[in-house]
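Below, each chain spelled out in residue letters.
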Amino acid sequence: MKARAWQRMLSGRRLDLIDPSPLDIEIADIAHGLARVARWNGQTRGEEIFSVAQHSLLVEAIFSALDPAASRAGKLAALLHDAPEYVIGDMISPFKAVMGGAYKETERRLLAAIFIRFGLKPEMDPAVAKAIKAADCDAAFHEATELAGFALAEARKVFARPRVAVADFAPYLAPWRPQEAQARFLARFAELDA
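Please read these numbers as outputs of a predicted model, since none were measured by experiment. (Residues numbered from 1 in each chain as written. Predicted model: local features only at pLDDT ≥ 70, side-chain atom pairs only at ≥ 80, totals over all residues. Heavy atoms only, no water.)

Caption draft 1: The arrangement of the overall build of the protein chain in detail. In terms of helices and strands, the protein chain carries nine helices and two strands. Counted from the first residue to the last, the protein chain has its helices and strands arranged as β-β-α-α-α-α-α-α-α-α-α. Taken over C-alpha atoms, the radius of gyration comes to 16 Å for the protein chain, in line with the 16 Å a tight globule of 194 residues would show. C-alpha atoms of the protein chain, sized along the principal axes, occupy 50 × 35 × 30 Å. The proportion of buried residues among the 194 residues of the protein chain is 45%. When contacts within the protein chain are restricted to residue pairs at least 6 apart in sequence, long-range pairs at least 24 apart make up 65% of them. Total accessible area on the protein chain is roughly 10000 Å²; 57% of this is exposed by carbon and sulfur atoms. (Helix = DSSP H or I, 4+ residues; strand = E, 2+ residues; numbered from the N terminus. Rg over C-alpha atoms; globule rule 2.2 N^0.38 Å. Buried < 20%, exposed > 50% of the residue type's maximum accessible area, 1.4 Å probe, protein only. Contact = heavy atoms within 4.5 Å. Areas by Shrake-Rupley, 256 points an atom, 1.4 Å probe, with all protein chains shown as cover.)

Caption draft 2: The pattern of salt bridges, seen in detail. As enumerated under the stated definition, the model contains 11 salt bridges in all. Put simply, Glu 123 and Arg 108 hold a salt bridge, and the shortest N to O gap is 3.2 Å. Of this pair, Glu 123 sits in the loop between helix H6 (101–117) and helix H7 (126–146) while Arg 108 sits in helix H6; the two residues are 15 residues apart in sequence, bridging distant segments of the chain. For Arg 108, a relative accessible area of 37% corresponds to the partly exposed category. A salt bridge links Asp 138 to Arg 163; its shortest N-O distance comes to 3.3 Å. Here the residue Asp 138 occupies a position in helix H7, and Arg 163 occupies one in the loop between helix H8 (152–159) and helix H9 (178–193), the gap between them amounting to 25 residues. For Arg 163, a relative accessible area of 48% puts it in the partly exposed group. (Salt bridge = Lys/Arg side-chain N within 4 Å of Asp/Glu carboxyl O.)

Caption draft 3: Looking closely at helix H3 (residues 72–79). A large share of H3 lies buried, amounting to six of its eight residues. Burial in H3 covers these residues: Gly 74, Lys 75, Leu 76, Ala 77, Ala 78 and Leu 79. If you follow the buried residues of H3, they end up packed against helix H2 (52–66), H6, H7 and H9.

Caption draft 4: Main features of the packing of aromatic side chains. On inspection of all chains with the given rule, the structure shows five aromatic pairs. A ring pair is formed by Phe 118 and Phe 189, whose centres lie 5.0 Å apart and whose planes are at 75 degrees; its orientation type is edge-to-face. Here Phe 189 lies in helix H9 and Phe 118 lies in the loop between H6 and H7, a separation of 71 residues in the sequence. The same class applies to Phe 118 as to Phe 189, namely buried. (Phe/Tyr/Trp six-rings, centres within 6.5 Å; stacked < 30°, edge-to-face > 60°.)

Caption draft 5: Expanded view of a nonpolar patch on the surface. Residues Ile 92, Phe 95, Val 98 and Met 99 make up a contiguous nonpolar surface patch of about 360 Å² in total accessible area. For Phe 95, the position within the fold is in helix H5 (residues 93–99). By relative accessible area, which is 38% here, Phe 95 ends up partly exposed. (Patch = residues over 30% accessible without salt bridge, like charges linked within 9 Å, V, L, I, M, F, W, Y side chains within 5 Å.)

Caption draft 6: Here's a closer look at the environment of Pro 20. Assignment of secondary structure puts Pro 20 in the loop between strand E2 (14–16) and helix H1 (27–34). Spatially, the C-alpha atom of Pro 20 lies 8.8 Å from that of Trp 6, the residues being 14 residues apart in sequence. Those residues in contact with Pro 20 that lie beyond four places of it in its chain are Leu 15, Arg 109, Leu 110 and Ala 113.

Dropping the structure here:
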């Protein structure tokens, strides 16, 4: 018997992890999943988890603040940069390095299908990808120091010094309940997808 390589979503869609179809991707499934996936393997302060949905909103806010003239497509790509994690979970970077190529290729195929589903090119423009990665690193620095117990010196070594002040993004760093993270993610998606 062939091993099952798909997951049933709450929308009723069946997403194939090996060959994901954009037609099997729904934003409601993404928002629901990301709002329930913990960043930092759940090793954060607060009563609630700090979710990937909340992290995605933080990254998009930093990306947009650093480039107010960024295109709608760039902002949408920033919001969706970790969207594959709604189905494969959030693996911490050290574990991704151990897993290597197969994990990264699965993540790449899922992200391409997600981008196509929402009208983006399957591969990001390198300059946009670099800017999103920089915003992601800034977000990770602030999450690490505000939520995950990193000392400033340690965070600077791992993530580099952020280009944005934590005070400018403090509302994004108080963990939200899953329903709130899901609703805010969907609302921002609707603004960018309009």
